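# Commentary on secondary and tertiary structure
Next come the chains, spelled out residue by residue.
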Amino acid sequence: LVVEEFLNCVNDMEGNSGMKATDGSIFVSDPLQASKKEPLVFLPEWRSMERQSSKCPIRMGVSFNEFSRLSYQPSSFLQSRLMTKQSERKDDYILTVGWAEKKRCILVSYFSSSSNSEKAKTYLHACLVRHFLASTSPGGKESCDGEAETVQKAEETAERELVRLWPIFERCATNAGWKLGKTECSTEGYEMYFND
């Protein structure tokens, strides 16, 4: 809810007035206000219903095997990307678009070192990817040749926007009373471990 509320404010501000979003111009619901709009605890049955109804569901904490199986990218490329991310120690997750049940989905696999704050950042990243994909056709794994390019462009645009928007979101959420380091995101429960 808070991430969607944040993105709606950014879209309204930047789309209607052409102004860039800043800390003081965006406000999000505090935990009390948010709890009046939707439950803060999501039961597995609720997550499952939500995932099935969404046009582009976000699947957090999927196993790397599932990540590779559903991704539009070849598994050899994903393994290379995983090794690069792990050696750079830049992010504690990998994210891609995949296809499940004949629709797009956003897949996230976490490293075991991922913090709650990093998981919140990941969710914002996934929402940005979903936002940039929303204006494109639903596509499919066997769909037209341009689908991979469309997905890649959405992922790259979301990555750039994440760098700009994460610090703003983090401050807005903190000012509203959210403790991102103590907030847990609902996941499928898988993490990746590396042996050195």
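Cut-offs and rules
- In this convention, every chain numbers its residues from 1, walking through the sequence in written order.
- This being a predicted model, a pLDDT of at least 70 is required before a residue's local features are given, and a value of 80 or more before pairs of side-chain atoms are given or counted; all residues contribute to the totals for chains, interfaces and linings.
- Based on all heavy atoms of the structure, the side-chain values leave hydrogens and waters out of the count.
- Helix numbering and strand numbering both begin at the N terminus, where a helix is a DSSP run of H or I of at least 4 residues and a strand a DSSP run of E of at least 2.
- The classification of residues rests on relative accessible area computed with a 1.4 Å probe and restricted to protein chains. Under 20% of the type maximum is buried, over 50% is exposed, and intermediate values are partly exposed.
- Here, two residues are considered to be in contact whenever any of their heavy atoms come within 4.5 Å of each other.
- To estimate the expected span of a helix, count its residues, drop one, and scale the result by 1.5 Å.
- Across the chain, bend at a residue is computed as the angle between axes fitted to the seven residues ending at that point and the seven starting from it.
- Note: pLDDT gives the predictor's confidence per residue, expressed from 0 to 100.
- Any Lys or Arg side-chain nitrogen found within 4 Å of a carboxyl oxygen on Asp or Glu counts as a salt bridge.
- The convention used is that axes are lines fitted to C-alpha atoms, helices contributing only their stretch in contact, and that angles between N-to-C directions extend from 0 to 180 degrees.
- An angle below 35 degrees is read as roughly parallel, one above 145 as roughly antiparallel, one from 65 to 115 as roughly perpendicular, and any other as oblique.
- Left-handed describes a crossing in which the near helix is turned anticlockwise from the far one by less than a right angle; the clockwise case is right-handed.
- Ten residue types, Ala, Val, Leu, Ile, Met, Phe, Trp, Tyr, Cys and Pro, are classed as nonpolar, four, Asp, Glu, Lys and Arg, as charged, and the remainder, Gly among them, as polar.
- Here, a strand pair is defined by DSSP locating no fewer than two bridges between the strands.
- Pairs were defined over the aromatic rings of Phe, Tyr and Trp, the Trp ring being its six-membered one, requiring ring centres within 6.5 Å. Orientation was assigned from the angle between planes: stacked under 30 degrees, edge-to-face over 60, tilted for the rest.
- Charge over a ring is defined by NZ of Lys or CZ of Arg lying within 6 Å of the ring centre and within 35 degrees of the ring normal.

## Comments concerning the environment of Tyr123
Note on placement: Tyr123 falls in helix 6 (residues 116-134). Owing to a relative accessible area of 26%, Tyr123 belongs among the partly exposed residues under this scheme. C-alpha separation for the pair Tyr123 and Cys185, spaced 62 residues apart in sequence, amounts to 8.1 Å. Setting aside residues up to four positions removed in sequence, Tyr123 forms contacts with Val3, Glu4, Ile58, Met60 and Arg130.

## As for helix 7 (residues 146-175)
Between the first and last C-alpha of helix 7 there are 42 Å, a value that for 30 residues agrees with the 44 Å anticipated at 1.5 Å per step. Bending of helix 7 peaks at approximately 40 degrees at the position of Leu165, with proline Pro167 no more than four residues after it.

## Regarding the confidence of the model for the protein chain
When pLDDT is averaged along the protein chain, the result is 76, and 74% of the positions lie at 70 or above. Ignoring residues within four places in sequence, the model shows residues 41-49, a span with pLDDT below 50, making four contacts including any to other chains.

## A word on the pattern of salt bridges
Between side chains of opposite charge, a pair can form when the charged atoms approach closely. By the definition in use, this model includes three salt bridges. For Arg59, the salt bridge identified is with Glu66, shortest N-O distance 3.4 Å. Here Arg59 falls in the buried class, since its relative accessible area comes to 11%. For Arg69, the salt bridge is made with Glu66, and the minimal N-O distance between the two is 3.1 Å. Here the residue Arg69 and the residue Glu66 both occupy positions in helix 4 (residues 64-70), the gap between them amounting to three residues, near one helical turn. For Arg69, a relative accessible area of 51% puts it in the exposed group.

## Some remarks on the environment of Glu147
Tracing the chain through its elements places Glu147 in helix 7. The exposure class assigned to Glu147 is buried, which follows from its relative accessible area of 4%. In this structure, the C-alpha to C-alpha distance between Glu147 and Tyr72, residues 75 residues apart in sequence, is 9.1 Å.

## Section: the packing of helix 6 against helix 7
Packed helix pairs are specified by the crossing angle of their axes together with the interaxial distance, meaning the distance between the axes. Direction vectors running N to C along helix 6 and helix 7 enclose 135 degrees, while the axes themselves pass 8 Å from each other. As the angle between them shows, helix 6 and helix 7 are arranged oblique. Considering how the two elements wind past one another, helix 6 and helix 7 form a crossing that is right-handed. A class-by-class count of the residues in the contact of helix 6 with helix 7 yields 13 nonpolar, four polar and five charged.

## A few points about the pairing of strand 3 (residues 103-111)
The buried fraction of strand 3 amounts to nine of the nine residues, a majority that puts the element mostly inside the structure. Judged by which residues are buried, strand 3 turns out to be covered on both faces: Lys103, Cys105, Leu107, Ser109 and Phe111 on one side and Arg104, Ile106, Val108 and Tyr110 on the other are all buried. Here strand 1 (residues 58-59) runs beside strand 3; their pairing, made up of two bridges, is parallel. Counted as the bridge partner of Ile58 is Ile106 from strand 3. Here strand 2 (residues 93-100) runs beside strand 3; their pairing, made up of eight bridges, is antiparallel. Along strand 3, the bridge assignment pairs Leu95 with Val108. Taking the residues that link successive antiparallel strands as the turn, the strand 2-strand 3 hairpin has two residues, and the phi of Glu101 there is positive, at about 50 degrees.

## Concerning the environment of Glu156
Looking at the secondary structure, you find Glu156 in helix 7. Measuring from C-alpha to C-alpha, the distance between Glu156 and Phe132 comes to 9.8 Å, with 24 residues separating the pair along the chain.

## So, the packing of aromatic side chains
Here the structure, examined in full by the defined rule, presents four aromatic pairs. Ring centres of Tyr72 and Trp99 lie 6.0 Å apart, and the angle between their planes is 90 degrees; on these two criteria the pair is classed as edge-to-face. In this pair, Tyr72 is assigned in the loop between helix 4 and helix 5 (75-88) and Trp99 in strand 2, connecting sequence segments 27 residues apart. Residue Tyr72 is classed as buried on the basis of its relative accessible area, which comes to 18%. Classification of Trp99 as buried rests on a relative accessible area of 9%. The interplanar angle of 35 degrees and the centroid separation of 5.8 Å between the aromatic rings of Trp166 and Phe169 together place this pair among those described as tilted. Highlighted residues: Trp166 and Phe169, both in helix 7, separated by three residues, approximately one helical turn. We classify Trp166 as buried; its relative accessible area is 9%. Classification of Phe169 as buried rests on a relative accessible area of 2%. Taken together, the aromatic side chains of Phe6, Trp166 and Phe169 make up a single cluster linked through ring pairs. Directly above the ring of Tyr110 sits Lys119, whose terminal nitrogen or CZ lies 4.9 Å from the centroid.

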